[in-house]
Amino acid sequence: MDGRAEKMPGWAGRIDHRPRVRTALVHASDGQSARAARARRDDRAAASDIRVLARIADGDARALADLYERYSGPLFAFLYRLCGDRGTAEEILQDTVMAVWLSAASYRQRSSVSTWLFGVARRQAHNRLRGMPPPIAAEPREGPDPLPGPEELAVGGDQVQSALARLPLPHREVVVLLLVHDLSQREIAEVLGIPVGTVKSRLHHARAILRGPA
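Residues numbered from 1 in each chain as written. Predicted model: local features only at pLDDT ≥ 70, side-chain atom pairs only at ≥ 80, totals over all residues. Heavy atoms only, no water.

### A few points about the pattern of salt bridges
Scanning the model with the defined rule gives eight salt bridges in all. As a salt-bridge pair, Asp 49 and Arg 70 come within 2.6 Å of each other at their nearest N and O atoms. Of the two residues, Asp 49 is situated in helix H2 (residues 18-57) and Arg 70 in helix H3 (residues 61-83); the sequence distance between them amounts to 21 residues. Its salt-bridge partner being Arg 55, residue Asp 66 comes within 3.8 Å of it at the nearest N-O pair. Note that Asp 66 is positioned in helix H3 and Arg 55 in helix H2, a separation of eleven residues in sequence. On the basis of relative accessibility, which here comes to 30%, the residue Asp 66 falls in the partly exposed class. (Salt bridge = Lys/Arg side-chain N within 4 Å of Asp/Glu carboxyl O. Helix = DSSP H or I, 4+ residues; strand = E, 2+ residues; numbered from the N terminus. Buried < 20%, exposed > 50% of the residue type's maximum accessible area, 1.4 Å probe, protein only.)

As structure tokens, this is what we get:
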């Protein structure tokens, strides 16, 4: 027998590890409960969005105001990142609200309401920005270029807008939807009406543009 085992005090073999196991199981259960609670909240919010959009389709102006209250912030942020100008973003947001009012009945629940709304906003942005020059990037600083890569674009600021201005619009909208609005690649594909593979390709090219030459 191993000499260390012979020297082991008698009480050591009688330690009850069950409380530790029970604690781990409780923590795991708490994590599962939290995830389940979030999923239930998300489901309730999604169902509420669908009901609100159905009311808009029936001509309920109050429902349109409710939807605007919920989504004007994220939609404005998306549009501002696309066009680089607050005034233009506000105008496109109003175009988006009108488009929602007119086309709510076309929603078929093939995606979430939020994904559908981003798609409407994106189409309005393209209508407005078609033929317009891209946003003007800020003047470069002296010294090394501190331009962030895509991972850093999830935070705001002039530096972010300057970085986005360097991207062509098709790449810019993918980066904004993924890193600022936390949409999945599948959801981005639904918003833009493109394959997931194209989303991945545009992200790859955006990263190369933002990082610059090696």
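There's plenty left to go through after this.
### Quick notes on the packing of H3 against helix H5 (residues 113-129)
Contact pair H3 / H5: the axes reach a minimum separation of 10 Å and the direction vectors enclose 40°. Relative to H5, the element H3 lies oblique. In the packing of H3 onto H5, the handedness of the crossing is right-handed. Residues Leu 67, Tyr 71, Pro 74, Leu 75, Phe 78, Leu 79, Leu 82 and Cys 83 of H3 form the contact with H5, whose own contacting residues are Val 113, Ser 114, Leu 117, Phe 118, Ala 121, Arg 122, Ala 125 and Leu 129. (Axes fitted to C-alpha atoms, helices over the stretch in contact; angles between N-to-C directions. Parallel < 35°, antiparallel > 145°, perpendicular 65-115°, else oblique. Left-handed = near helix turned anticlockwise from the far one by under 90°. Contact = heavy atoms within 4.5 Å.)

### Here's the deal with the nonpolar core
Judged by nonpolar contacts, the single largest core of 49 residues is most densely connected at Leu 53, Ile 56, Leu 67 and Val 100. Every element with two or more residues in this core is listed here: H2, H3, helix H4 (86-103), H5, helix H6 (158-165), helix H7 (169-180), helix H8 (185-192) and helix H9 (196-211). Take this core: its biggest share by element is eleven residues, from H3. Beyond its immediate chain neighbours, meaning those up to four positions away, Val 100 contacts Leu 53, Ile 56, Leu 64, Leu 67, Trp 116, Leu 117 and Val 120. (Core = buried A, V, L, I, M, F, W, Y, C linked by side-chain atoms within 4.5 Å.)

### What to know about the side chain of Arg 202
With respect to the helices, strands and loops of the structure, Arg 202 is situated in helix H9. When its relative accessible area of 18% is taken as the criterion, Arg 202 is described as buried. Residues within four places of Arg 202 in sequence aside, it is in contact with Pro 170, His 171, Glu 173, Val 174, Leu 192 and Ile 194.

### Points about the packing of H8 against H9
Relative to each other, H8 and H9 sit at 105°, their axes nearing to 8 Å. Taken as axis vectors, H8 and H9 run roughly perpendicular relative to one another. From H8, Gln 185, Arg 186, Ile 188, Ala 189 and Leu 192 reach across to H9, where they touch Val 196, Val 199, Lys 200, Arg 202 and Leu 203. Here the contact of H8 with H9 is built from residues that sort into six nonpolar, one polar and three charged. (Nonpolar A, V, L, I, M, F, W, Y, C, P; charged D, E, K, R; others polar.)

### Let's talk about the environment of Glu 173
Here Glu 173 shows up in helix H7. Owing to a relative accessible area of 0%, Glu 173 belongs among the buried residues under this scheme. Once the C-alpha coordinates of Glu 173 and Arg 122 are considered, the two residues, 51 residues apart in sequence, prove to be 8.2 Å apart. Dropping the residues within four chain positions of it, Glu 173 is found in contact with Phe 78, Leu 82, Arg 122, His 126, Leu 192 and Arg 202.

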